[in-house]
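Residue-level structural notes
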Amino acid sequence: WNDNGQERFVEDPAQLYRSDFFPGLGWMLTKKTWDEFRPIWPGGYWDDWMRLRHVRQGRQCIRPEVCRTYNFGEKGTSGGQFFKEYLKTVRLNANHQ
């Protein structure tokens, strides 16, 4: 997931970036990391929790320039907050190779 993945900001579907900022939507982690997080996983605002220095511990993320996941969150727990303004225009990677 790329928080800035709107059509006007992205171009290369093969480009990847390394970041120390957790992107929030559409992610994976190793079983080892899940085993570490599972007992202390928060009941809410987990994306903000993942960005805390003591949780992140210097770990980094790889994120694509063009999103490989799509947020259809017009309905859901956030009530569609900011969906039309930011998320509806996020470009989805059509290159499945």
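Anything mentioned here points back to the structure above.
All of these numbers come straight from a predicted model, not from anything done at the bench. (Residues numbered from 1 in each chain as written. Predicted model: local features only at pLDDT ≥ 70, side-chain atom pairs only at ≥ 80, totals over all residues. Heavy atoms only, no water.)

**Overview of the pattern of salt bridges**
This structure, assessed with the given rule, holds 4 salt bridges. The shortest N-O distance in the salt bridge between Lys31 and Asp35 comes to 2.9 Å. A residue pair is termed a helical-turn pair when its members lie 3 or 4 positions apart in one helix, as Lys31 and Asp35 do in helix H1 (residues 31–37) at 4 residues. Taking relative accessible area as the criterion, Lys31 reaches 60% and is therefore assigned exposed. For Asp35, a relative accessible area of 42% translates into the label partly exposed. Asp47 is the salt-bridge partner of Arg51, the closest N and O atoms lying 4.0 Å from each other. (Salt bridge = Lys/Arg side-chain N within 4 Å of Asp/Glu carboxyl O. Helix = DSSP H or I, 4+ residues; strand = E, 2+ residues; numbered from the N terminus. Buried < 20%, exposed > 50% of the residue type's maximum accessible area, 1.4 Å probe, protein only.)

**Description of the packing of aromatic side chains**
As enumerated under the stated definition, the model contains 9 aromatic pairs in all. Taking 5.3 Å as the distance between ring centres and 70 degrees as the angle between the ring planes, the aromatic pair formed by Trp41 and Trp49 counts as edge-to-face. Here a set of aromatic residues connected by ring pairs shows up, and it is made of Phe22, Trp27, Trp34, Phe37, Trp41, Trp46 and Trp49. (Phe/Tyr/Trp six-rings, centres within 6.5 Å; stacked < 30°, edge-to-face > 60°.)

**Concerning a nonpolar patch on the surface**
Among the surface-exposed residues, Trp27, Leu29 and Trp34 lie close enough to one another that they form a single nonpolar patch of about 230 Å² accessible area. Within the secondary structure, Leu29 is located in the loop between strand E1 (16–19) and H1. (Patch = residues over 30% accessible without salt bridge, like charges linked within 9 Å, V, L, I, M, F, W, Y side chains within 5 Å. Areas by Shrake-Rupley, 256 points an atom, 1.4 Å probe, with all protein chains shown as cover.)

**Thoughts on the side chain of Gln6**
With respect to the secondary-structure elements, Gln6 resides in the segment before E1. Under the relative-accessibility criterion, Gln6 is labelled buried at 6%. Those residues in contact with Gln6 that lie beyond four places of it in its chain are Tyr86, Thr89, Val90 and Arg91. (Contact = heavy atoms within 4.5 Å.)

**Side note on the environment of Asn95**
Residue position: Asn95 is located in the segment after helix H4 (83–87). Residue class for Asn95 comes out partly exposed when judged on its relative accessible area of 39%. Along the backbone, Asn95 and Ala14 are 81 residues apart, and their C-alpha atoms lie at a distance of 8.4 Å.

**Focus on the environment of Arg51**
With respect to the element layout, Arg51 can be found in the loop between helix H2 (46–50) and helix H3 (53–56). Judged by its relative accessible area of 23%, Arg51 falls in the partly exposed class. For the pair Arg51 and Phe21, spaced 30 residues apart in the sequence, the C-alpha separation amounts to 6.6 Å. Ignoring any residue separated from it by four or fewer positions in sequence, one finds Arg51 in contact with Asp3, Phe21, Phe22, Pro23, Gly24 and Arg56. A polar contact is formed between the side chain of Arg51 and the backbone oxygen of Phe22, at a distance of 2.9 Å. (Polar contact = N/O pair within 3.5 Å; in protein donor to acceptor, adjacent residues only side chain to side chain.)

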